[in-house]
Amino acid sequence: MGTGRLSIDLSAIVSNWKALASLARVDAAPVVKADAYGLGIGPVGRALANAGARRFFVAYAEEGFTLRRAVGPGPEIMVLSGHMAGDARALAECGLTPMVNSVEQLTRHLESLPGHPFGIQLDTGMNRLGMEWAEWAAVAEIALSQNPVLLMSHLACADEPDHPMNPYQLDLFQQMTDGLNVPRSLSATGGILLGPDYHFDLVRPGIGLYGGLPFEHAQPVVTLDLPVIQVRDLQEGEVAGYGNTWQAQRPSRLATVSAGYADGLLRSLSHRVTLWHGDTPCPAVGRVSMDLIIVDVTDLPEDPEALTVIGPNQSIDQLAEAAGTIGYEVLTSLGSRYARSLRE
Ligand SMILES: *Cc1c(COP(=O)(O)O)cnc(C)c1O
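Quantities reported herein were computed from a predicted structural model and do not represent experimental measurements. (Residues numbered from 1 in each chain as written. Predicted model: local features only at pLDDT ≥ 70, side-chain atom pairs only at ≥ 80, totals over all residues. Heavy atoms only, no water.)

## Some remarks on the domain arrangement of the protein
At step 1: Parsing the protein into structural domains produces domain 1 (10-210) and domain 2 (222-343).
At step 2: Look at where the C-alpha atoms of domain 1 and domain 2 centre, and you get two points 37 Å apart.
At step 3: Contact with domain 1, which involves ten residues of that partner, is made by ten residues of domain 2.
At step 4: Across the domain 1/domain 2 interface, buried area totals approximately 810 Å², and carbon plus sulfur atoms make up 68% of it.
At step 5: Applying the counting criterion to the domain 1 and domain 2 interface returns zero salt bridges.
At step 6: Summed over the shared surface of domain 1 and domain 2, the result is two residue pairs in polar contact (both at pLDDT 80 or more).
At step 7: Elements represented by at least two residues in the side of domain 1 that touches domain 2 include exactly α1 (10-24) and α2 (33-37).
At step 8: Per-class residue counts for the side of domain 1 that touches domain 2 are seven nonpolar, three polar and no charged. (Domains from an automatic or database assignment. Contact = heavy atoms within 4.5 Å. Buried area = accessible area lost by both parts, 1.4 Å probe. Salt bridge = Lys/Arg side-chain N within 4 Å of Asp/Glu carboxyl O. Polar contact = N/O pair within 3.5 Å; in protein donor to acceptor, adjacent residues only side chain to side chain. Helix = DSSP H or I, 4+ residues; strand = E, 2+ residues; numbered from the N terminus. Nonpolar A, V, L, I, M, F, W, Y, C, P; charged D, E, K, R; others polar.)

Shown next as structure tokens:
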């Protein structure tokens, strides 16, 4: 087997979901957009549904279609992009609940699928999705007469607990929704950790389920091991990789492992990433190639068969830090070439 081995711990995802739900003390609807953050919407959705998740969020109706096939008719599936032109059939046939985010979408929904459940997204300052105050004020009465199942908004800075944007958005959300008697949702993973004021009736954890910050107590979900394809000795002064950007400062032994930027190990990791042999760090050298990374294994007592890039000594967030990005992007970039195995 030449490709990297990506192992996904579904039971850790379920544990993280239960931990976040018990922190929030309200229903926690897993966010499984972007193929469950790259880990597989089918198996992840099924594991969470089997563990008792009754509501899910996806980004697009197309993802809802895939999730519905995986989890069957029971769970409610809510679509964050709302009701886009051409979505009516998928929404109806798959029983998806759009979170409409504009008057245009609300009109489209009420005209094309009268009586079909929907929710409403409100913008409280992020300026990404949802109706703003004036728009909401203009249509609230009509919208509320059609019994929306949820009023929701999204926090822009929830991963920074002391950011003044958090109480500002909370206050605005309350002003826009207080007294309307419709279930409400404001928080993703970060907001769950901000405390009970932010929880309302439903929370929407994503990254925390998959073992990422800001949920510090998350159980790790992913390990990634890369087989060694070839090992060689270099004399002091020899170079390695594209552009000759690394030069041996001592007689060295280099291992070439099988994954590269086409597999989500971003090229920005060049000269910055460390792989692990058990608890021994082995620095990568030179540039990350499309399918290959070169690693300095001089200090190992024996040649390794594989090296670990995500595991006990390197979390997705530590890898992200080395790449200059966030854990979310590390996960969603994991390529399709790995041999995937699921732990139940
Ligand atoms: C992606 C997303 C979430 C989940 O966010 P995490 O930070 O991954 O927990 C929740 N709500 C909305 C609207 C989102 O776009």
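## A closer look at the nonpolar core
At step 1: Within the largest apolar cluster, 80 residues are counted, with the highest numbers of intra-cluster contacts made by Ile13, Val32, Leu39, Phe57, Tyr210 and Leu265.
At step 2: The greatest single-element share of this core, amounting to eight residues, is contributed by α1.
At step 3: For this core, the domains that each give at least three residues are domain 1 (10-210) and domain 2 (222-343).
At step 4: Apart from residues lying up to four places away in sequence, leucine 39 is in contact with Ile8, Ile13, Val44, Tyr210, Val221, Val222, Leu331, Leu334 and Arg340.
At step 5: Judged by nonpolar contacts, the second largest core, of 21 residues, contains Leu106, Ile120, Met131 and Leu151. (Core = buried A, V, L, I, M, F, W, Y, C linked by side-chain atoms within 4.5 Å. Buried < 20%, exposed > 50% of the residue type's maximum accessible area, 1.4 Å probe, protein only.)

## Focus: the pairing of strand β1 (residues 5-9)
Regular strands place side chains that alternate from one sheet face to the opposite one.
At step 1: With four of five residues buried, β1 lies mostly within the body of the structure.
At step 2: Note: β1 against strand β18 (residues 339-343), five bridges, orientation parallel. What sits directly across from arginine 5, in β18, is alanine 339.
At step 3: By the bridge criterion, four bridges tie β1 to strand β10 (residues 222-234) in an arrangement that is antiparallel. When the sheet's bridge partners are listed, serine 7 is paired in β10 with threonine 223. (Pairing = 2+ DSSP bridges.)

## Considerations on the environment of leucine 269
At step 1: Tracing the chain through its elements places leucine 269 in the loop between β13 (252-257) and β14 (274-277).
At step 2: In contact with leucine 269, other than residues within four places in its own chain, are Val288, Leu319, Ala322 and Ala323.

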